[in-house]
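As a plain string of letters, each chain reads:
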Amino acid sequence: MSTTKKITSALISVFDKTGLEPIVKALHQNQVIIYSTGGTEAFIKDLGIPVVPVEEVTDYPSILGGRVKTLHPKVFGGILNRQDNTTDVAQMEEFNIPQIDLVIVDLYPFEKTVASGAIEADIIEKIDIGGISLIRAAAKNFKDTVIVPSVEEYASFLDFYTQEKGATTLEQRRILATKAFHVSSHYDTAIFNYFNTDETYLKTSVSNGQILRYGENPHQKGFFFGDFDSMFTKLHGKELSYNNLLDVDAAVNLINEFKDDEPTFAILKHNNACGIATRKTMKEAYIDALAGDPTSAFGGVLIANGNIDLATAEEIHSLFCEVVIAPSFDKNAIDLLEEKKNRILLVIKDFALPTKQIRTCLNGILVQDKDNITDTKQMLKNVTITKPSNEELEDLIFASKICKQTKSNTIVLVKNKQLCASGTGQTSRVDALKQAIEKATSFEFDLLGAVMASDAFFPFPDCVEIANKAGIISVIQPGGSIKDELSIKYCNENNVSMVFTGTRHFKH
C-alpha cells in the first residue's frame, strides 16, 4: 500500500494568515474541499475561493463567544479516523463524517500577549483550546493526516505539496507531526510558566536551536538554544563557536557590572578577565586593560561599556582577537576592524539577562538564582582601625566587581582602577593569591598601594600577611569566618585597611 496520500480535503483555522494565500490557491487549483471558520473563513472567501463553514459539518454554531467552534466529533472523527481500519471506515459512513486529510493551524499568540503586558483576562482568552486540539489530533494520526501546526511551517508544507503534486509522503507527514508536537509542548510550557509559582517545578522550551561547528572540543557536538539576535547585531566575522559563546557570555556579565561607569574596557580568555581598566577615554581603557596580561589577550574576547572610536580601533587592530563587543562603533572603526575577515564584531543591544542559572548535574540539573548583588560602598563595613581612602574605596569596589565574575577560588589585585592580576580557579585561596602576585610581578606592576579582593572569607590571616608583604594596603572580602579576628588583628598591626561586604561571590 502506498504511503503517499493525495489531499482531497482540508480544515484551515489560523491566527496568522501571512503566507496562507498561496496555499489556499494551490489547494483550490487541485480541487481540494476547504473547511474553515471565523476570520480564516472570511479570508478565504475574500480570495474568491469556495469554503465550507465548519458549522455546516457539525450542524452546530460557534458558541460562547467563539470559544467552541471546532470541538465536535464530526471534525475530530474526520481527522483521527484510520483509513486502513474497517471499523473506522464503517463509522465514518454511519455518522456521515467527512474525511479531513489536511489540517492547518496557527495558534493564538499567548506568549506575545503575555510579553505585551496585557491584563490577565486578555491573556486567558489567548489560550487556544480548539487549535491545540486540532494539532494534537492530526499529528497523532500522521499516517493518514497532514498537520501544518504554525505559520512557520506554511512554506515547508507548500514545498512538500508542490513537490509531490498535491500529495504528501509518510516521511513528510512525520516531519510535520514532529514539529506539531513541538508547537503544542512549547505552547503548554509557556502557559504553565505563566501560572506556575512553585519553584520546585521547572519546564523550559526553546524553539530556535542553532547547530555549532562543534562543542568545547572538535569531537563534541555543540548547539546553542537562545535568541542571539535579540541581544546582538553581528556586523562582521565568522560564525561564533561554542567557546566563543561562553566567552561572550562571561564578557557580557562582567561589563554589565560597569555599565554606568566611565569608559571601561575588558579582555577575557577562557571566561575570566585577563585585563580590565576604567579611564577617561576608551582608548586609554583598552591600552591599560591590555597591559594587564598582553600574553593571554592573544585570541581573546574584547568588550567595552561604550562606543569604540577609530583611535581605540587602531589600538585593537594590531591584536589578534576573536570577538570585539560594544554598544556602538564609529563607522571608520568598523571599516578598520573588518579588515581581519574572521574577526567577529558585535553590537550589544539593551537586554535583560536571565534571572536563573541552569546547569546539568549528575543525572539531573541544578537551578539557582543568578548572583545579582553587586557590592557598593554603602554595603561596606569597616572592620579595621585604618580606614580606606576614597581612592582605595573606588579600587576596592572595582576589584570586587571583577572578583564576582571570576572563577573560584579567586583573588583579584587592582590599582588605580586597573586589573594588575588575578588568581583564578585555584583549590586554595593562598595559591590564588600567590598566582596573582607572581603574575602581576611578571608584567612589572608595582603592587605598592594596590588593593585585594577575595570572593570568600579568609579562614586564616596568611592571605592578608602575604598580600601586605607584596605591597597591598587595603582588602575587601565577605567576612564571616569564625577566625575573622585573626585577619583583622594582622591588618591593625600593619596599618592595612579591610572592609567586609557580607556577601560571598563563589563562581564555579
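Nothing here was measured: the structure is a model prediction, and the numbers come from that model.

1. Regarding the packing of aromatic side chains
Evaluation of the coordinates by the stated rule reveals 12 aromatic pairs. Judged by centre distance (6.1 Å) and plane angle (85 degrees), the ring pair of F192 and Y201 falls under edge-to-face. Accessibility expressed as a relative area gives 24% for F192, which makes it partly exposed. Above the plane of the ring of F192 lies K203, whose end atom (NZ or CZ) is 5.3 Å from the centre.

2. Observations regarding the sheet that holds strand 22 (residues 474-477)
Pairing is mixed in the open sheet, where 6 strands are placed in the order 18-23-22-21-19-20. Each edge of the open sheet carries a strand with a single partner, namely strand 18 (381-382) and strand 20 (419-423). Here strand 21 (residues 451-454) pairs with strand 22 via 3 bridges, running parallel. Its bridge partner being in strand 22, A453 is matched across the sheet by I476. Packing of helix 15 (residues 390-404) onto the sheet brings it into contact with strand 19 (411-414), strand 20, strand 21, strand 22 and strand 23 (497-500), and relative to strand 21 it is tilted by some 35 degrees. Along the sheet, helix 16 (residues 429-442) contacts strand 19, strand 20 and strand 21; its crossing angle with strand 20, the most-contacted strand, is approximately 145 degrees.

3. Digging into the layout of surface pockets
Of the volumes computed, that of the second largest pocket is approximately 580 Å³. Forming the walls of the second largest pocket are 20 residues, and the residues nearest its centre are D106, E111, S150, V151 and E152. Looking at the lining of the second largest pocket, the elements that each hand over two or more residues are helix 6 (110-115) and helix 10 (170-195). The biggest single contributor to the lining of the second largest pocket is helix 10, with 5 residues. Tallied by class, residues from the lining of the second largest pocket come to 9 nonpolar, 4 polar and 7 charged.

4. Remarks on the pattern of salt bridges
All chains considered together, the criterion is met by 20 salt bridges. Here K234 ties to E239 by a salt bridge, and the two come within 3.7 Å at their closest N and O atoms. Residue class for K234 comes out partly exposed when judged on its relative accessible area of 31%. Relative accessible area serves as the criterion here: at 52%, E239 is assigned to the exposed category. Between D369 and K356 there is a salt bridge whose closest N-O contact spans 2.6 Å. On the criterion of sequence distance, the pair formed by D369 in strand 17 (residues 364-369) and K356 in strand 16 (residues 356-361) is long-range, its members being 13 residues apart. Overall, K356 belongs to the partly exposed group, its relative accessible area being 35%. Bridged by salt links that share partners, the residues E199, K356 and D369 form one connected network.

5. A short note on the nonpolar core
In terms of nonpolar packing, the biggest core is built from 51 residues, with I12, L27, I79, L102, I104, I147 and F157 touching the most fellow members. Here the element with the most residues in this core is helix 10; it accounts for 7 residues. Filtering out sequence-adjacent residues up to four positions away, I147 remains in contact with V103, L134, I135, A138, A139, L176, A177 and A180.

6. Examining helix 4 (residues 73-80)
Of all 8 residues that make up helix 4, 6 are buried, and the element is covered over most of its length. Contacts from the buried residues of helix 4 go to strand 2 (9-14), helix 3 (54-58), helix 5 (86-94), strand 5 (102-106) and helix 8 (130-140).

7. Some thoughts on the sheet that holds strand 14 (residues 321-326)
Pairing within the open sheet is mixed, and its 6 strands lie in the order 10-15-14-13-11-12. Of all the strands in the sheet, the pair left with one neighbour each is strand 10 (232-236) and strand 12 (272-278). Here the average twist between neighbouring strands, direction ignored, is 20 degrees. As paired strands, strand 11 (residues 264-269) and strand 12 are joined by 6 bridges and run antiparallel to one another. Bridge pairing links I267 to G275 in strand 12.

8. Looking at the packing of helix 8 against helix 10
Two elements in contact, helix 8 and helix 10, have axes whose closest approach is 9 Å; the angle formed by their N-to-C orientations is 150 degrees. Looking at the two axes, helix 8 sits roughly antiparallel to helix 10. At the point where helix 8 passes helix 10, the crossing takes the left-handed sense. When helix 8 is examined against helix 10, the residues I132, I135, R136, A139 and K140 are found in contact with a partner set consisting of A177, A180, F181, V183, S184 and Y187. Residues belonging to the contact of helix 8 with helix 10 are distributed by class as follows: 8 nonpolar, 1 polar and 2 charged.

9. What about helix 5?
The N-capping residue of helix 5, defined by a side-chain oxygen 3.0 Å from the backbone nitrogen of T87, is N85. N96, located one to two residues past helix 5, shows a positive phi value of around 55 degrees.

10. A look at the side chain of Q418
You can see Q418 is positioned in the loop between strand 19 and strand 20. On the basis of relative accessible area, Q418 is assigned to the buried category, the value being 11%. Beyond its immediate sequence surroundings of up to four residues, Q418 is in contact with I276, A277, R279, D288, A291, F398, L413 and F445.

About the thresholds
Residues numbered from 1 in each chain as written. Predicted model: local features only at pLDDT ≥ 70, side-chain atom pairs only at ≥ 80, totals over all residues. Heavy atoms only, no water. Phe/Tyr/Trp six-rings, centres within 6.5 Å; stacked < 30°, edge-to-face > 60°. Buried < 20%, exposed > 50% of the residue type's maximum accessible area, 1.4 Å probe, protein only. Lys NZ or Arg CZ within 6 Å of the ring centre and 35° of its normal. Pairing = 2+ DSSP bridges. Helix = DSSP H or I, 4+ residues; strand = E, 2+ residues; numbered from the N terminus. Contact = heavy atoms within 4.5 Å. Axes fitted to C-alpha atoms, helices over the stretch in contact; angles between N-to-C directions. 1 Å grid on protein atoms, 1.4 Å probe; cavity = no way out; pocket = protein on both sides within 12 Å on 5 of 7 lines; lining within 4 Å. Points joined across faces, edges and corners; volume = space filled by probe spheres on them. Nonpolar A, V, L, I, M, F, W, Y, C, P; charged D, E, K, R; others polar. Salt bridge = Lys/Arg side-chain N within 4 Å of Asp/Glu carboxyl O. Core = buried A, V, L, I, M, F, W, Y, C linked by side-chain atoms within 4.5 Å. Parallel < 35°, antiparallel > 145°, perpendicular 65-115°, else oblique. Left-handed = near helix turned anticlockwise from the far one by under 90°. Polar contact = N/O pair within 3.5 Å; in protein donor to acceptor, adjacent residues only side chain to side chain.

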